[in-house]
Amino acid sequence: MTIYFYKVWQPYGCFSNFSPHGIHIDGAYWPTVEHYYQAQKFVGSRDAAIIPLIHAAATPEEAATLGRSGTRQLRRDWDLVKTQIMREAVLKKFLTHTDIREVLLKTGDEILVENSPTDSFWGCGANKSGQNHLGKTLMSVREEIRNLLSLTVIYE
Ligand SMILES: Nc1nc(O)c(N)c(N[C@@H]2O[C@H](COP(=O)(O)O)[C@@H](O)[C@H]2O)n1
């Protein structure tokens, strides 16, 4: 069975980057993965001054609106690094928060899909044939955490 998720208040909403599960990463605390991800778009760019504003955004929706402003310059390597940046942040989220880690592990080997009607890169898009990189990231993180836990059991 494929598990679809999207909005925080829907089933499996904790898989959304907008869920209220903060992370400590790169020496700072970020209220959601979305805040961190949107800010990373501007590291080293001419518009890096937006980073503290994204960091301080009251909601992940506000952080996303700031990060999606079409007039600001993204870092040059953004398309090359964005999936790795996302993976590190999502891994940190599920290593930090035990309750949602259990939810993720309990999905076993099910396919996870971000059911975004507007995003065919991170999600599956309106016609369900998008690349689903967030779902793939979550499945990869699930596998890594499983491996980490099995090593812990062996060496304890
Ligand atoms: N608009 C929106 N609402 C949500 O509740 C979402 N979960 C998403 N998807 C997330 O948006 C991020 C991609 O943003 P960019 O298009 O790169 O600016 C990513 O975190 C998706 O999972 N979107």
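The structure displayed is predicted, hence computed values, not measured ones.

Taken as a whole and assessed by the stated rule, the structure comprises six salt bridges. As a salt-bridge pair, Asp79 and Lys82 come within 3.2 Å of each other at their nearest N and O atoms. You can see Asp79 and its partner Lys82 sitting in helix H4 (residues 78-96), three residues apart, about one turn around the helix. Judged by its relative accessible area of 62%, Asp79 falls in the exposed class. Here Glu143 and Arg146 are joined by a salt bridge, their closest N and O atoms 2.9 Å apart. Of the two residues, Glu143 and Arg146 are both situated in helix H6 (residues 133-155); the distance of three residues between them amounts to about one turn of the helix.

Turning our eyes to something else, we now look at unusual backbone geometry. For Asp26, which is not glycine, the phi torsion reads 50° and is therefore positive. With a phi angle near 65°, Lys128 is a residue other than glycine that sits in the positive phi range. With respect to the helices and strands, the residue Lys128 is situated in the loop between strand E4 (112-114) and H6.

Another point: the packing of aromatic side chains. Considering all chains together, one arrives at seven aromatic pairs under this definition. Relative to Trp78, the ring of Tyr37 lies with its centre 5.3 Å away and its plane at 50°, an arrangement referred to as tilted. Pair noted here: Tyr37 is in helix H1 (residues 33-40) and Trp78 is in helix H4, with a separation of 41 residues, a long-range link. Among the aromatic residues, those joined into a ring-pair cluster are Phe5, Tyr12, Phe15 and Phe94. The lysine or arginine in question, Lys82, covers the ring of Phe121, its NZ or CZ lying 4.2 Å from the ring centre. Taking the ring centre of Tyr4 as reference, the NZ or CZ of Lys128 above it sits at 5.7 Å.

Membership of the largest hydrophobic core comes to 34 residues, with the highest contact counts inside it found for Phe15, Val90, Phe94, Leu112 and Leu138. Here this core takes seven residues from H4, the largest share from any one element. Beyond its immediate stretch of four places on either side in the chain, Leu138 contacts Phe5, Phe15, Val90, Phe94, Leu104 and Leu112.

The interhelical angle for the contact between H1 and helix H3 (residues 60-67), taken along N-to-C directions, is 10°, at an axis separation of 8 Å. In terms of orientation, H1 and H3 fall into the roughly parallel class. Contacts from Glu34, His35 and Gln38 of H1 reach H3 at Pro60, Ala63, Ala64 and Gly67. Across the contact of H1 with H3, the residue classes tally to three nonpolar, three polar and one charged.

Moving on, we come to H3. Within the sequence span of H3, burial applies to Pro60, Ala63, Ala64 and Gly67. Buried residues of H3, seen end-on, are gathered within an arc of 100° and therefore sit on one face of the element. On its buried face, H3 sits against H1 and helix H2 (51-55).

One can describe the packing of H4 onto helix H5 (residues 98-105) by two numbers: an axis separation of 6 Å at closest approach and a directional angle of 110°. Regarding the angle of H4 to H5, the classification is roughly perpendicular. Contacts from Lys93, Phe94, Leu95 and Thr96 in H4 reach Thr98, Ile100, Arg101 and Leu104 in H5. In terms of residue class, the contact of H4 with H5 is made up of four nonpolar, two polar and two charged.

The rules we used
Residues numbered from 1 in each chain as written. Predicted model: local features only at pLDDT ≥ 70, side-chain atom pairs only at ≥ 80, totals over all residues. Heavy atoms only, no water. Salt bridge = Lys/Arg side-chain N within 4 Å of Asp/Glu carboxyl O. Helix = DSSP H or I, 4+ residues; strand = E, 2+ residues; numbered from the N terminus. Buried < 20%, exposed > 50% of the residue type's maximum accessible area, 1.4 Å probe, protein only. Phe/Tyr/Trp six-rings, centres within 6.5 Å; stacked < 30°, edge-to-face > 60°. Lys NZ or Arg CZ within 6 Å of the ring centre and 35° of its normal. Core = buried A, V, L, I, M, F, W, Y, C linked by side-chain atoms within 4.5 Å. Contact = heavy atoms within 4.5 Å. Axes fitted to C-alpha atoms, helices over the stretch in contact; angles between N-to-C directions. Parallel < 35°, antiparallel > 145°, perpendicular 65-115°, else oblique. Nonpolar A, V, L, I, M, F, W, Y, C, P; charged D, E, K, R; others polar. Arc of directions from axis to C-beta.

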